[in-house]
Amino acid sequence: VVLRRALMHSINFEKIKARAVSNYTAAIQPGFILPFGVEAKYFNKDDAAKYGYSYNTDKAKEILTEAGYSWNPDGKLLDPKGVLVRSFTIECPQGWTDWEDAIKVIVESFGEIGVTAEQKFVDYGIWDKDLRLGSFDFAMKTQTAEISAATPWTRFDQIMGMVSYKPVGQDAFANQGRYRNSEADSLLKIIPSLTKEKELVESYRELNRIFMETIPVMPIFYRPTQYYQFSTKHWSNFPTEENPYAP
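Residues numbered from 1 in each chain as written. Predicted model: local features only at pLDDT ≥ 70, side-chain atom pairs only at ≥ 80, totals over all residues. Heavy atoms only, no water.

Enquirer: It is not clear to me how the overall build of the protein should be interpreted in this structure. Could you clarify?
Expert: Helix and strand content of the protein: 9 helices and 5 strands. In sequence order, the secondary structure elements of the protein are arranged as α-α-α-α-β-β-β-α-β-α-β-α-α-α. In terms of principal-axis extent, the alpha carbons of the protein reach across some 60 × 45 × 40 Å. Here the protein holds 247 residues, and 43% of them are scored as buried. Partitioning the intrachain contacts of the protein with sequence separation of at least 6 by distance along the chain shows that 66% fall at a separation of at least 24. Roughly 14,000 Å² of accessible area belongs to the protein as shown, and the carbon and sulfur atoms make up 51% of that amount. Averaged over its 29 positive side-chain charges, the protein has a centre that lies 2 Å from the centre of its 32 negative ones. (Helix = DSSP H or I, 4+ residues; strand = E, 2+ residues; numbered from the N terminus. Buried < 20%, exposed > 50% of the residue type's maximum accessible area, 1.4 Å probe, protein only. Contact = heavy atoms within 4.5 Å. Areas by Shrake-Rupley, 256 points an atom, 1.4 Å probe, with all protein chains shown as cover. Lys, Arg positive; Asp, Glu negative; His and termini not counted. Charge placed at Lys NZ, Arg CZ, Asp CG, Glu CD.)

In structure tokens:
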């Protein structure tokens, strides 16, 4: 967890937003709950500040130093035993240019704190198989984004639900990071049965706190499910930022 938290502080989220999605989306906030739209009522700004992370390489190095990490004369990261931290691959399907651009920034960012990472752009079938079998270091993936009555429960369940857990080497179609946390799993089981708004807010707050403390996955930018352009030459009343009536 210490290394993941340091890596999160090393990532230049603004550069990813600019390169990968041309600044079409809002700046990402810590956690796994969207701070806007229908999920905003579940987002806690104070918790994000207390348990979250932001781009800060000095903070990343401070976290590593306190945990016993160090650097060799070449600036490469050494673990608490003085052993060089191995290099990592970051994987996505070849030709998915927004993901490729994001990975290139992450490789640069990790390098700023002495961690070597390599971009790995592969055929879709290889990427999908690697995810299912758990044979990857880091891999890009978008979780379910559709708005529904189960939002944001579905997103949390896909990456934290122990019901989907499979050992590395066995096919897993959710929880592909092989995450296990009994406290989070209990919340995932309880939330669908809650009907009172206050209880939902409290439960999602606790679940998001666990997410930020344990970092089962590393969110890097908000990715719309659809991009579109429109012309008002012949038609009008399209959804806009000022009139966001569409679901």
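Enquirer: Where do I start with the packing of aromatic side chains in this structure?
Expert: Note on aromatic pairs: each is described by the distance of the centres and the angle between the planes. Under the definition given, this model contains 14 aromatic pairs. A ring pair is formed by Phe88 and Phe138, whose centres lie 5.5 Å apart and whose planes are at 80°; its orientation type is edge-to-face. With a gap of 50 residues between them, Phe88 in strand E3 (residues 88-93) and Phe138 in strand E5 (residues 138-139) connect regions that are remote in the sequence. One aromatic cluster in this structure is built from Phe32, Tyr42, Phe156, Tyr204 and Phe211. Sitting over the ring of Phe32, Arg155 keeps its end group 5.8 Å from the ring centre. (Phe/Tyr/Trp six-rings, centres within 6.5 Å; stacked < 30°, edge-to-face > 60°. Lys NZ or Arg CZ within 6 Å of the ring centre and 35° of its normal.)

Enquirer: Teacher, can you tell me more about the environment of Val217 here?
Expert: For Val217, the location among the structural elements is in the segment after helix H9 (197-214). When its relative accessible area of 26% is taken as the criterion, Val217 is described as partly exposed. Those residues within four positions of Val217 in sequence are excluded, and the remaining contacts are Phe32, Ile159 and Phe211.

Enquirer: When you look at the sheet that holds E5 in this model, what are you seeing that I'm missing?
Expert: Through backbone hydrogen bonds, the strands of a sheet pair up, either in parallel or in antiparallel fashion. Reading across the sheet, the 3 strands line up as E4-E3-E5 and stay open at both edges, with parallel pairing between neighbours. Only two strands of the sheet have a single neighbouring strand rather than two, namely strand E4 (117-122) and E5. Two strands pair when backbone bridges link them, and E3 and E5 are joined in this way by 2 bridges, in the parallel orientation. In the strand pairing of E5, Ile90 is matched with Phe138. The strands that helix H6 (residues 124-133) touches are E3, E4 and E5; relative to E3, the one it contacts most, it runs at about 125°. (Pairing = 2+ DSSP bridges. Axes fitted to C-alpha atoms, helices over the stretch in contact; angles between N-to-C directions.)

Enquirer: Help me understand the packing of helix H7 (residues 153-160) against helix H8 (residues 182-190), please; the structure alone is not making it clear to me.
Expert: The angle between the axes and the distance between the axes are what describe a pair of packed helices. For the pair H7 and H8, interaxial distance at closest approach is 11 Å and the crossing angle is 145°. In the packing of H7 onto H8, the handedness of the crossing is left-handed. Residues Trp153, Phe156, Asp157 and Met160 of H7 form the contact with H8, whose participating residues are Ala184, Asp185 and Leu188. Residues of the contact of H7 with H8, tallied by class, amount to 5 nonpolar, no polar and 2 charged. (Left-handed = near helix turned anticlockwise from the far one by under 90°. Nonpolar A, V, L, I, M, F, W, Y, C, P; charged D, E, K, R; others polar.)

Enquirer: Could you clarify how one ought to interpret the pattern of salt bridges in this entry?
Expert: Side-chain pairs of opposite charge can arise where the charged atoms are in close proximity. This structure, assessed with the given rule, holds 17 salt bridges. Through salt bridges with shared partners, a single ionic network connects Glu183, Glu206, Arg209 and Glu213. (Salt bridge = Lys/Arg side-chain N within 4 Å of Asp/Glu carboxyl O.)

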